[in-house]
Amino acid sequence: MMQKRVSCAALPLAVYQEVAAQLRQLPGVVAVELEPQGSIPFDYAQSQVAALQVTWGDDRTPSSDRQCRRILDYYAQTFGPWQEDEIPSG
């Protein structure tokens, strides 16, 4: 399994939810979770979501990777680049 954290500072909650729904449909994706904003006090100028955490299973394929990239690139054209970090397992 592999986990990845992807975030886009300008992405609103509804769009994060839309991206998560699309990623959940990809073969090999085990789970997609919304990571809430952790600002204390809550920062209303930011998105309610800090990032998406995507968990890929061992059955991940190059085709799924390409489709994931297409989805992220589509939203990056409107909202700006994604920051992507692999989450170490274990």
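Structure: see above.
Keep in mind that what you see is a predicted model, and the values were worked out from it rather than measured.

1. A short note on the overall build of the chain
- The helix and strand tally for the chain stands at two helices and four strands.
- Over its C-alpha trace the chain gives a radius of gyration of 13 Å, about what one expects of a compact globule, namely 12 Å for 90 residues.
- With respect to the principal axes defined by its C-alpha atoms, the chain has extents near 40 × 30 × 20 Å.
- The buried share among the 90 residues of the chain stands at 34%.
- With an accessible surface of roughly 5600 Å², the chain has 51% of that area assigned to carbon and sulfur atoms.
- Of the side chains in the chain, 7 bear a positive and 11 a negative charge, and the two mean positions are spaced by 6 Å.

2. Let's talk about helix 1 (residues 13-24)
- Along its 12 residues, helix 1 runs 16 Å from first to last C-alpha, staying within 8% of the 16 Å computed at 1.5 Å per residue.
- Tucked inside the fold, the buried residues of helix 1 contact strand 1 (2-7), strand 2 (29-36), strand 3 (49-56) and helix 2 (62-79).

3. Looking at the pattern of salt bridges
- A complete count under the given rule lists five salt bridges for this structure.
- A salt bridge links R69 to D73; its shortest N-O distance comes to 3.3 Å. Taken together, the residues R69 and D73, both in helix 2 and four residues apart, mark about one turn of the helix.
- The partly exposed category is assigned to R69, whose relative accessible area is 32%.
- In this structure D73 comes out as partly exposed when scored by relative accessible area, which is 35%.
- Here E84 makes a salt bridge to R69, at a shortest N to O gap of 2.5 Å. You can see E84 sitting in strand 4 (residues 83-87) and its partner R69 sitting in helix 2, a full 15 residues away along the chain.
- Sharing partners across several salt bridges, the network here consists of K4, R69, D73 and E84.

4. Structural notes on the pairing of strand 1
- Of the strand pairs in this sheet, strand 1 and strand 3 are connected by five bridges, and their pairing is antiparallel. Its bridge partner being in strand 3, R5 is matched across the sheet by Q53.
- Bridging between strand 1 and strand 4 involves five bridges; their strand directions are antiparallel. Bridge assignment links K4 to a residue of strand 4, and that residue is E86.

5. A few points about the packing of aromatic side chains
- Taken as a whole, this structure holds two aromatic pairs when the rule is applied.
- With centroids separated by 5.1 Å and ring planes inclined at 85°, the aromatic side chains of Y74 and Y75 adopt a geometry described as edge-to-face.
- Classification of Y74 by relative accessible area gives exposed; the value is 54%.
- It is R60 that lies over the ring of W56; its NZ or CZ is 5.3 Å from the centre.

Basis of the calculations
- Residues numbered from 1 in each chain as written.
- Predicted model: local features only at pLDDT ≥ 70, side-chain atom pairs only at ≥ 80, totals over all residues.
- Heavy atoms only, no water.
- Helix = DSSP H or I, 4+ residues; strand = E, 2+ residues; numbered from the N terminus.
- Rg over C-alpha atoms; globule rule 2.2 N^0.38 Å.
- Buried < 20%, exposed > 50% of the residue type's maximum accessible area, 1.4 Å probe, protein only.
- Areas by Shrake-Rupley, 256 points an atom, 1.4 Å probe, with all protein chains shown as cover.
- Lys, Arg positive; Asp, Glu negative; His and termini not counted.
- Charge placed at Lys NZ, Arg CZ, Asp CG, Glu CD.
- Expected span 1.5 Å × (residues − 1).
- Contact = heavy atoms within 4.5 Å.
- Salt bridge = Lys/Arg side-chain N within 4 Å of Asp/Glu carboxyl O.
- Pairing = 2+ DSSP bridges.
- Phe/Tyr/Trp six-rings, centres within 6.5 Å; stacked < 30°, edge-to-face > 60°.
- Lys NZ or Arg CZ within 6 Å of the ring centre and 35° of its normal.

Everything listed here is a matter of coordinates, which is why it stays silent on function.
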